[in-house]
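Now for the letters of each chain:
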Amino acid sequence: MSTYFIKGIPVKVLNNMVEAFRLKGLWAERHSYSLRIMYNNRFAASLHLYPGFNEAVLRLISGDPLINSKIRSIVKEIMSIYLPGYVVREVEVKNVLDTYNA
């Protein structure tokens, strides 16, 4: 019987990703393998990383196509630098900003 161990993402890489988001004009905060992303002081997206599956899910919640496009572009750029083997899947949710930013 073989044993499979999931290779995690080093904390330094995750923290560098947060810093890269901030340098690109998006505020990001990290908890474990999830990043919450703000644009203009409002929650606009979240990025969830799944080590072992080499997959990330970007949830776009701004409801604004221009903001979503900007975030999408920055996330893909940062992911290609720090986690190039990961596939980024997207989920776009409409009209939830007021729920999270009341």
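Residues numbered from 1 in each chain as written. Predicted model: local features only at pLDDT ≥ 70, side-chain atom pairs only at ≥ 80, totals over all residues. Heavy atoms only, no water.

A. Representation of the packing of aromatic side chains within the structure. In total, this model carries zero aromatic pairs according to the counting rule given. We note arginine 22 situated over the ring of tryptophan 27; from NZ or CZ to the ring centre the distance is 3.8 Å. (Phe/Tyr/Trp six-rings, centres within 6.5 Å; stacked < 30°, edge-to-face > 60°. Lys NZ or Arg CZ within 6 Å of the ring centre and 35° of its normal.)

B. Spatial organisation of the packing of helix H1 (residues 11-23) against helix H2 (residues 65-82). The N-to-C vectors of H1 and H2 enclose an angle of 145°; their axes lie 10 Å apart at closest approach. In this structure, H1 crosses over H2, and the sense of that crossing is right-handed. Across the interface between the two elements, Val13, Asn16, Met17, Ala20 and Phe21 from H1 touch Ile74, Val75, Ile78, Met79 and Tyr82 from H2. Here the residues of the contact of H1 with H2 sort into nine nonpolar, one polar and no charged. (Axes fitted to C-alpha atoms, helices over the stretch in contact; angles between N-to-C directions. Helix = DSSP H or I, 4+ residues; strand = E, 2+ residues; numbered from the N terminus. Left-handed = near helix turned anticlockwise from the far one by under 90°. Contact = heavy atoms within 4.5 Å. Nonpolar A, V, L, I, M, F, W, Y, C, P; charged D, E, K, R; others polar.)

C. Structural context of the environment of valine 93. Here valine 93 shows up in the loop between strand E5 (87-92) and helix H3 (97-100). Sequence separation between valine 93 and alanine 45 is 48 residues, and the spatial gap between their C-alpha atoms is 9.5 Å. Beyond its immediate sequence surroundings of up to four residues, valine 93 is in contact with Leu60, Ile61 and Gly63.

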